[in-house]
Amino acid sequence: MRVIIVGAGEVGSNIAASLAESHDVIVIDVDPETVEELTYSSDILAIEGDGTSLETLEDAGLGEADMLIASTDDDETNILSCGTAKTVGDIFTIARVRNANFLATWTRSEGAFGVDFMVSTNLLTANDIVRVVGLPAAVDVDPFAGGIVQMAEFEVAADSEIAGRTVEEVDTFEALTFAALVQNGDVAIARGQTPIEAGNKAIVIGSPESVQAFSRTVAPAKTPDEARDIVIVGGSDIGYHTAKLLEERGLQSRLIEQDAERGRQLAEALPGTIVMKHDATDVEFLVGEHIDRADAVIAVADSDEKNLLVSLLAKSLGVRRTVAVIEEGQYANLFETVGIDVAINPREATAEEIVRFTQEGQIENLSLIEGRQAEVLEIEVDEASVLTGRPIRECVGELPSEVVIGAITRNQEFVVPRGDTVIEPGDHVVLFVSADALSAVMSVV
Amino acid sequence: MRVRVDWRVSCRLVGTILKWLWIPLVLPLGLALYDGTPLLPFVLPMIGTVVGGLGLEQLTEDRDLRTREAFLMVSLTWLFLSLVGAAPFVLAGEGVLAEPVNAVFESMSGITTTGATIIVDFDRHSRAVLMWRAMLQWIGGLGILVLATAVLSQLSVGGAQLMETETQTQDVNKLTPRISETAALLWKIYISLTGLQVAVLYGLHLVGYAPEMTLYDAVAHAFTTISTSGFSPRGDSIAAFSPAVQWAIVPFMAIGATSFILIYFVVHGNFERLRQSDEFRFYVGILAFFTLGVGGMLFADGAPYTSLEAIARHSLFQVVSIVTTTGYASTDFNLWSSGAKHLLFVCMFIGGMAGSTTCSIKALRWLVVIKAFRRDLFTASNPSAIRPIRLSGNVVDEETIRDIYAYTLVSLVFFILATIFVVVDASRVRLTVSEFEAMSAAAATFFNVGPAFGIAGPLESYDPFPTSTKLVMTFLMWIGRIEIIPVLVLLTPSYWRS
């Protein structure tokens, strides 16, 4: 497939890197330096120019291209690029927007603006935040098979019940599969005898109930039944969508916004949220509002620095869990190192979503682990797959060793994968696959 | 000094309304013709309104109404209508209504849908005159709504506040793109409801459940029920009729005080709007609360009613009648215990829903006041919290909340001043009026309820009050109906000066 990517920022280059292996990728960017850098660093074609100009798009080979992904930081540019591309040929277009209003319009009439698929960074990020907050102690949560299956990543604390034991000893949960352990940034498939050490991250796949139960075992202190008291700091668009999603789940959160007018707007738009007008870095205020007793503090202010400050303040007051939005992708790890529980990078989330979409077809859904060292993917199996028609015990021999069958769903029902389970055509299978084994796996399943 | 107000524009519009007033006079004229009573009291005003109306229209050419002129127009319209309405009473020269002050009081009480009556002896008045009285209320009932929709909703102050609040909650003038279409729509609903009530009441008569309810009575009562006004051609008001009639009238009073916008949606099968309306739920809640309260007291008192049905009927009827500011009496509630009477007195201050024919402060305002106060209690302990007030899910802006607070306060101040006046003026002529009687009479006229307690009780008359009190009460009814502010604005010097 020939793919044109407009905008080589964090999102664009991330997508480009993901797709370069299996597709022909052409990147358009207005900045000559970025273009030069890309030309030498990756195996792609980089073109300097304006993505909304038909001429530039045609230079990039619009006629032969199958897909256009507009991923600049400017919503209007992205939409316009898609619209422009559509005027010439029947190309599949994907636009990244921040503003969820565009998404709302597009959802009303799919194909609006000449966009075939639209991803709203802000809404996506809010969704990620709410998912992570909904499963206390998890650092990453992704739904599969329409929410029937969950993939979750947990950090194993020193005082955790499972620290110092082997996978076999811990793997006692119904409807839960231990997929992998992350040690010092390296992903390793979980074997029965693999020891689990404090500081590791455990990746599990299972039904939401069993993941929740597992979460209580991993970090009992951090895991009340559900996060009830949630404080959102910052009335950004992401903050608004986060509060809105929490409202939809029936949770009343508190939102702190410094600007009175924006605060009023938010209070009017969010009937189920208590909006407060105050500076969230005022320690006295935070103490007065009993922020220390909050189950989670979500920092979604406009600057990374402020989010870091607020999160650290909250931590120092004793908040169980802090989630911060970090715009600058390279800081994410650093922030998690200094004590923020979860750092979410909207650009990375967007890139992931777009890559996930481009691989749609055979793959129903996908989640990237530790910077693409591994992927969790959902596929619908057919007659031709090696997985179908016989017990799992037998087909494992034909699969590379870096694969774990995490979960199976049949007719929207969860099926626990055991050695004697027989996978039928039409079943959805959630697999954990190391990057090295990815192409080998894809060719047989 | 130049006067900034173009009073001619206001008068021209008043003339436009006036010249059509001959139409409602047709009905009493026909009745007079049928009964063989004098025709002149109706023929002369007919000529007068057309000539006067056309005359006023000659004052100036057709020009757009501006805010300032609108205040004057609204105030003058109600004043002129009451003067024209009084003419047949004076010309007929029957009983106490022959006195011009009394006639104007009665007419103002009619056109403002108050229902406070001067009449002492109902037998002395012809059916035509009593029908004209009912007709006045019917015009007044929808008149204010149409006027409010057409004129007040375009202004940003005063009575318009209410409509504005509603624009946010119920899309009052957005039923149709054109105000004139909306007004026509309101008339259709109004006429249909009136027709329905005539059919129900006369139907009860035909099947034998209401021996006293003649067609004439059915029409007169339908006119004064839907308009929530309360004049009855019977001295005993609704107490003159069977329990079946009393039960049948209750829903019509309640509907008259229900937002016509909601009625419009319900007629079109959209019951969801009814369920979503905070104000409607509040209004129904109030009716239920006070009915249970009054009913409980009547039950505890054990007298004067012996059957549970009678207690239920009279407590429901009186609460609905007073809250909706209709003012009918199904019984002489003057005889009730002090507790029950005081509960009923409180009902005078509530009113039905905005956008209906009801008067008083109105459920919407109380709801906003209560919500705003609850918000204040919350922010007292959470000073940083920003809490908008919502009605039916929509945010009410802070300016509107302030205006509603102000209106409610001003209303209560007027009520207090009026009470003091009634007491002082009565003692001047050595008329014995208790504090409670004075308070209820002031509230009954100012909030356009009609009957008060004691001297001006449900089966009594306002005639014993001195002329000066009657004049003040006429004024109270006038400003109460147009929600004070248009008149108060006229009284400020800055309104007139440039």
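Anything mentioned here points back to the structure above.
Residues numbered from 1 in each chain as written. Chains lettered and ligands numbered in written order. Predicted model: local features only at pLDDT ≥ 70, side-chain atom pairs only at ≥ 80, totals over all residues. Heavy atoms only, no water.

**Q** Can you walk me through the overall build of chain B in this structure?
**A** When helices and strands are tallied, chain B shows 21 helices and 3 strands. Its C-alpha atoms give chain B a radius of gyration of 22 Å, within 12% of the compact-globule value 23 Å for 498 residues. In terms of overall dimensions, chain B has C-alpha extents of about 70 × 65 × 55 Å along its principal axes. Of all 498 residues assigned to chain B, the portion counted as buried reaches 60%. For chain B, the accessible surface area stands at approximately 19200 Å², while carbon and sulfur atoms represent 65% of it. (Helix = DSSP H or I, 4+ residues; strand = E, 2+ residues; numbered from the N terminus. Rg over C-alpha atoms; globule rule 2.2 N^0.38 Å. Buried < 20%, exposed > 50% of the residue type's maximum accessible area, 1.4 Å probe, protein only. Areas by Shrake-Rupley, 256 points an atom, 1.4 Å probe, with all protein chains shown as cover.)

**Q** I would appreciate a short explanation of the state of the cysteines in the present structure.
**A** Working definition: the covalent bond between the sulfur atoms of two cysteines is a disulfide. All names here are of chain B. Following the criterion strictly, the structure yields 0 disulfides over all chains and no others. Cys 347 supplies the cysteine sulfur nearest to Cys 359, a cysteine that is in no disulfide, at a spacing of 15 Å. Overall, Cys 359 belongs to the buried group, its relative accessible area being 2%. (Disulfide = S-S within 2.5 Å.)

**Q** Got a minute to help me understand a negative patch on the surface in this structure?
**A** All names here are of chain A. A surface patch of negative charge is lined by Asp 31, Glu 33, Glu 36, Glu 37 and Glu 48. The element that contributes the greatest number of residues to the negative patch is helix 2 (residues 32-41), accounting for 3 residues. Relative to the assigned elements, Glu 33 resides in helix 2. (Patch = residues over 30% accessible without salt bridge, like charges linked within 9 Å, V, L, I, M, F, W, Y side chains within 5 Å. Salt bridge = Lys/Arg side-chain N within 4 Å of Asp/Glu carboxyl O. Lys, Arg positive; Asp, Glu negative; His and termini not counted. Charge placed at Lys NZ, Arg CZ, Asp CG, Glu CD.)

**Q** Can you walk me through the packing of aromatic side chains in this structure?
**A** All names here are of chain B. This model, assessed by the stated rule, comprises 27 aromatic pairs over all chains. When the centroid spacing of 5.7 Å and the interplanar angle of 15° are considered together, the rings of Phe 414 and Phe 446 count as stacked. Taken as a pair, Phe 414 in helix 17 (residues 398-428) and Phe 446 in helix 18 (residues 435-446) lie far apart in primary sequence, 32 residues in all. Taken individually, Phe 414 and Phe 446 each receive the classification buried, so the pair is uniform in this respect. Three or more aromatic residues joined by ring pairs make a cluster, and in this case those are Phe 333, Trp 336, Phe 345, Phe 349, Phe 414, Phe 415, Phe 436, Phe 446, Phe 447 and Phe 453. Here Arg 273 stacks its cationic end above the ring of Phe 265, 3.8 Å away from the centre of that ring. The ring centre of Phe 378 lies 4.0 Å from the NZ or CZ of Arg 387, which sits over that ring. (Phe/Tyr/Trp six-rings, centres within 6.5 Å; stacked < 30°, edge-to-face > 60°. Lys NZ or Arg CZ within 6 Å of the ring centre and 35° of its normal.)

**Q** Got a minute to help me understand the pattern of salt bridges in this structure?
**A** Opposite charge on two side chains makes pairing possible when the charged atoms of those side chains draw close. Enumeration over the complete set of coordinates arrives at 33 salt bridges over all chains. Linking Glu 483 of chain B and Arg 365 of chain B is a salt bridge whose minimum nitrogen-to-oxygen distance equals 3.0 Å. Of this pair, Glu 483 of chain B sits in the loop between helix 19 (467-481) and helix 20 (485-491) while Arg 365 of chain B sits in helix 16 (residues 363-381); the two residues are 118 residues apart in sequence, bridging distant segments of the chain. Several salt bridges share partner residues, and in doing so they unite Asp 73, Arg 96, Arg 98, Glu 327 and Arg 347 of chain A into one network.

**Q** Help me understand the environment of Phe 432 of chain A, please; the structure alone is not making it clear to me.
**A** Along the chain, the position of Phe 432 of chain A falls in strand 22 (residues 428-434). Residues Phe 432 of chain A and Ile 148 of chain A, spaced 284 residues apart in sequence, show a C-alpha to C-alpha distance of 16 Å.

**Q** Please clarify how the interface of chain A and chain B should be interpreted in this entry.
**A** Contacts between the two partners involve 16 residues from chain A, matched on the other side by 12 residues from chain B. Carbon and sulfur atoms supply 55% of the area buried between chain A and chain B, which totals about 960 Å² over both sides. Area buried by chain A at its contact with chain B is led by Arg 264, Glu 268 and Ile 274 of chain A, which between them contribute 45% of it. For the pair chain A and chain B, the interface holds 1 salt bridge. For Arg 264 of chain A, the salt bridge is made with Glu 398 of chain B, and the minimal N-O distance between the two is 2.7 Å. Elements that contribute at least two residues to the side of chain A that touches chain B include exactly helix 10 (260-269) and strand 14 (274-277) of chain A. Bridge count for strand 14 of chain A against strand 1 (residues 385-386) of chain B is 2 bridges, and the pairing is antiparallel. Bridge pairing in strand 1 of chain B places Val 275 of chain A opposite Ile 386 of chain B. (Contact = heavy atoms within 4.5 Å. Buried area = accessible area lost by both parts, 1.4 Å probe. Pairing = 2+ DSSP bridges.)

**Q** Before we go on, may I ask you to explain the sheet that holds strand 12 (residues 230-233) of chain A in this structure?
**A** The strands making up a sheet associate through backbone hydrogen bonding, with each pair oriented either parallel or antiparallel. Taken in spatial order, the 7 strands line up as 17(A)-16(A)-15(A)-12(A)-13(A)-14(A)-1(B) in an open sheet, and their pairing is mixed. Because the sheet does not close on itself, it has two edges, and the strands there are strand 17 (342-344) of chain A together with strand 1 of chain B. Lying over the sheet, helix 9 (residues 237-248) of chain A contacts strand 12, strand 13 (254-257), strand 15 (296-299) and strand 16 (322-325) of chain A, oriented at roughly 160° with respect to strand 12 of chain A. (Axes fitted to C-alpha atoms, helices over the stretch in contact; angles between N-to-C directions.)

**Q** How should the pairing of strand 4 (residues 67-70) of chain A be read in this particular structure?
**A** It is a general feature of regular strands that their side chains alternate between the two faces of the sheet. Residue and element names in this part refer to chain A. Residues Met 67 and Ile 69 line one face of strand 4 and the alternating positions Leu 68 and Ala 70 line the opposite face, and both faces are buried. Across 4 bridges, strand 1 (residues 2-6) lies against strand 4 in parallel orientation. Note on strand 4: the bridge partner recorded for Val 3 is Met 67. Looking at chain direction, strand 4 and strand 5 (residues 92-97) are connected through 4 bridges and run parallel. In the sheet register, Leu 68 faces strand 5, and the bridge partner there is Thr 93.

**Q** Could you clarify how one ought to interpret the sheet that holds strand 11 (residues 201-206) of chain A in this entry?
**A** Residue and element names in this part refer to chain A. Ordered by their spatial adjacency, 5 strands build an open sheet running 7-8-11-9-10, and the pairing between neighbours is antiparallel. Both outer strands of the open sheet, strand 7 (138-144) and strand 10 (186-189), are each paired with one neighbouring strand and no more. In this sheet, neighbouring strand axes are inclined to one another by 20° on average, regardless of whether the strands run parallel or antiparallel. In this structure, strand 9 (residues 176-183) lies alongside strand 10, joined through 4 bridges in antiparallel fashion. Bridging across to strand 10, Ala 180 finds its partner in Ile 189.

**Q** What's the story with helix 10 of chain A in this structure? I'm lost.
**A** One turn of an α-helix holds 3.6 residues; hence residues three or four places apart share an orientation. Within helix 10 of chain A, the full set of buried residues consists of Gly 263, Arg 264, Leu 266 and Ala 267 of chain A. For helix 10 of chain A, the angular spread of buried residues about the axis comes to 165°, placing them on one side. (Arc of directions from axis to C-beta.)

**Q** I'm lost on a nonpolar patch on the surface in this one. Help?
**A** A contiguous nonpolar surface patch, about 560 Å² in accessible area, is contributed by Leu 409, Val 413, Ile 416, Leu 417, Ile 420 and Val 424 of chain B. Relative to the assigned elements, Val 413 of chain B resides in helix 17.

**Q** Would you explain the packing of helix 17 of chain B against helix 18 of chain B in this entry?
**A** All names here are of chain B. Where helix 17 meets helix 18, the axes come as close as 8 Å, and the angle between the chain directions of the two elements is 130°. Relative to helix 18, helix 17 is oriented oblique. By crossing handedness, the relation of helix 17 to helix 18 is classed as right-handed. Side by side, helix 17 and helix 18 meet where Ser 411, Phe 414, Phe 415, Ala 418, Thr 419, Val 422 and Val 423 of the first sit next to Glu 435, Ala 438, Met 439, Ala 442, Ala 443 and Phe 446 of the second. For the contact of helix 17 with helix 18, the per-class residue count stands at 10 nonpolar, 2 polar and 1 charged. (Parallel < 35°, antiparallel > 145°, perpendicular 65-115°, else oblique. Left-handed = near helix turned anticlockwise from the far one by under 90°. Nonpolar A, V, L, I, M, F, W, Y, C, P; charged D, E, K, R; others polar.)

**Q** What is the right way to read the nonpolar core from this model?
**A** In summary, soluble globular proteins display a tendency toward joint burial of nonpolar side chains. If you look at the biggest cluster of nonpolar residues, it comprises 156 residues, and the most contacted ones within it are Phe 260, Tyr 283, Met 348, Tyr 462 and Phe 465 of chain B. Ranked by residue count, the leading element in this core is helix 6 (residues 127-150) of chain B, at 15 residues. Leave out the neighbours within four places in its chain, and Tyr 283 of chain B touches Met 253, Ala 254, Ala 257, Thr 258, Val 323, Thr 324, Gly 352, Met 353 and Ala 363 of chain B. With 46 residues, the next largest nonpolar core counts Ile 69, Ile 94, Leu 103 and Phe 357 of chain A among its residues. (Core = buried A, V, L, I, M, F, W, Y, C linked by side-chain atoms within 4.5 Å.)

Keep in mind that these numbers describe shape and distance, not what the molecule does.
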